[in-house]
Amino acid sequence: MMEGLDYYLRQAKEGNYAIGHFNFATEDVLRGIIEASRDAGAPAVMVGTSGGEADFVGMKEAVALVKVMRENFDFPVFLNADHFKSFDKCKEAIDAGYDSVIADGSKLPMAENIAFTKQVVEYAKEVSKFKNLNISVEGELGYLRGSSEVQKKIEISPADYSKPQEVADFVSRTGVDRMAIVFGNIHGIVTDQKEKLDIEHFSRIVSALQGHPVSFVLHGASGLKDEDVVASIKAGITNVHFNTELRVAYRNEIDKQFHEHPNETTPYKYLGPAVDEVKKLVAQKIRLFMWKN
Ligand code: G3H
Ligand code: ZN
């Protein structure tokens, strides 16, 4: 019987390391993420589908793929609905069998964000009770700019950061298991600017929730320096999200394969090396998350 995600996140908090969250849109990348995480010594891994990725893979298909791979690799894998913005979409993911959802109401006014997130938490609890599961819910506060692609420049303003007292109120009023917060992080990679986390600001959020079991999640880790990621984990992040760097590694290797073998038409011959690049990257990130070892 596999332990739940809450167990692995609790262990990460005690051990001061992080569990990785990686996005996928195809079966080969999913398999690569799981295999590399297991081989690199991660205790568990979260895999996620954004709204677009879920539409492409299919929610029921994603659940079925994760179930088979979890069994085949004999490794704890948790499927997350990443940044789902409506109750109906969160419900669809929960009903399909996702282990976790991010109820992303960060663009809503605070009161509406709380109401929406609370509705998802209550639904997740109801289904968990009925099916004897422990479906995890993440909330989000603050303005997390950018998207998971290569961008030139993204305005980063401290005004967008999650406010410590608001995070504390939000957590106690919604009952979320995890919180996505903003402290200098953005989604995607920027080419004409340096990304920098404000660890002091993050520490103020941690202090506002001292003694509370909620887990803190770093989104938008692509493009950050390794030392910034490690510093955030040392300060209390237990879950780190990567997407864009994996997309770029996969895409660049496919480009290389097409360039070197212009007549190749067998998918596994050009996709295999692309998945190998994703695996190398995931292994490198896992070593970062387990910085103490
Ligand atoms: O939820 C997804 C992540 O936050 C991905 O961010 O594309 O910057 O790695 P990233
Ligand atoms: Zn994210």
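Attention here is on the structure that accompanies the text.

The rules behind each value
- Residues numbered from 1 in each chain as written.
- Chains lettered and ligands numbered in written order.
- Predicted model: local features only at pLDDT ≥ 70, side-chain atom pairs only at ≥ 80, totals over all residues.
- Heavy atoms only, no water.
- Near = heavy atom within 4 Å.
- Polar contact = N/O pair within 3.5 Å; in protein donor to acceptor, adjacent residues only side chain to side chain.
- Areas by Shrake-Rupley, 256 points an atom, 1.4 Å probe, with all protein chains shown as cover.
- Core = buried A, V, L, I, M, F, W, Y, C linked by side-chain atoms within 4.5 Å.
- Buried < 20%, exposed > 50% of the residue type's maximum accessible area, 1.4 Å probe, protein only.
- Helix = DSSP H or I, 4+ residues; strand = E, 2+ residues; numbered from the N terminus.
- Contact = heavy atoms within 4.5 Å.
- Donors = N, O, S within 2.8 Å, 3.2 Å for Na, K, Ca; no water.
- Salt bridge = Lys/Arg side-chain N within 4 Å of Asp/Glu carboxyl O.
- Pairing = 2+ DSSP bridges.
- Right-handed = clockwise from strand over helix to strand, strands pointing away.

Close to ligand 1 lie 15 residues, the nearest being Asp82, Ser148, Gly188, Ser222 and Thr244. Contact distances for ligand 1 include 2.9 Å between an oxygen atom and a side-chain N or O atom of His187. Within the side chain of His241, an N or O atom sits 3.0 Å from an oxygen atom of ligand 1. In the complex, 99% of the free accessible area of ligand 1, which totals 300 Å², lies under the protein chains.

Turning to the nonpolar core, a few remarks are in order. Core analysis: the largest hydrophobic core is formed by 88 residues, its most contacted members being Ile33, Val47, Tyr98, Met179, Phe216, Val240 and Phe289. No other element matches helix α11 (residues 267–289), which puts eight residues into this core. Ignoring sequence-local partners within four residues, the contact set of Tyr98 consists of Thr49, Ala54, Met59, Ala62, Val63, Leu79, Asn80, Ala81, Ala93 and Ile135.

Further remarks concern the coordination of the zinc ion (ligand 2). With distances of 2.0 to 2.1 Å, the protein atoms coordinating the zinc ion (ligand 2) are His83 (NE2), His187 (NE2) and His219 (ND1). Sequence spacing of the donor residues for the zinc ion (ligand 2), all on one chain, is H-x103-H-x31-H. On the criterion of sequence distance, the pair formed by His83 in strand β3 (residues 77–84) and His187 in strand β8 (residues 187–190) is long-range, its members being 104 residues apart. Overall, His83 belongs to the buried group, its relative accessible area being 12%. His187 sits in the buried class, given a relative accessible area of 13%.

Our focus in this paragraph is the side chain of Ser106. Looking at the element boundaries, Ser106 is found in the loop between β4 (100–103) and α6 (110–131). Owing to a relative accessible area of 14%, Ser106 belongs among the buried residues under this scheme. For Ser106, the side chain forms a polar contact with the side chain of Asp104, separated by 2.6 Å. Among the polar contacts listed, one links the side chain of Ser106 to the side chain of Glu140, at a separation of 3.5 Å. For Ser106, the contacting residues outside a window of four places in its chain are Asn113, Glu140 and Gly142.

On inspection of all chains with the given rule, the structure shows 18 salt bridges. Across the pair Arg38 and Asp39 runs a salt bridge whose closest N-O atoms are separated by 3.0 Å. Here Asp95 and Lys91 are joined by a salt bridge, their closest N and O atoms 2.9 Å apart. Of this pair, Asp95 and Lys91 both sit in helix α5 (residues 87–96), four residues apart, which is roughly one turn of that helix. Here Asp95 falls in the partly exposed class, since its relative accessible area comes to 36%. Residue Lys91 is classed as partly exposed on the basis of its relative accessible area of 30%.

By the criterion of burial, strand β5 (residues 136–140) is predominantly enclosed, with five of the five residues buried. Burial of the side chains of β5 extends over both faces: Ser136, Glu138 and Glu140 are buried on one face and Val137 and Gly139 on the other. Where β4 and β5 come together, four bridges link them in parallel fashion. Across the sheet, Val101 pairs through a bridge with Val137, a residue of β5. Handedness of the crossover joining β4 and β5 through α6 is recorded here as right-handed. Pairing analysis gives three bridges linking β5 to strand β7 (residues 178–180), with the strands arranged parallel. By the bridge assignment for β7, Glu140 is matched with Ala180.

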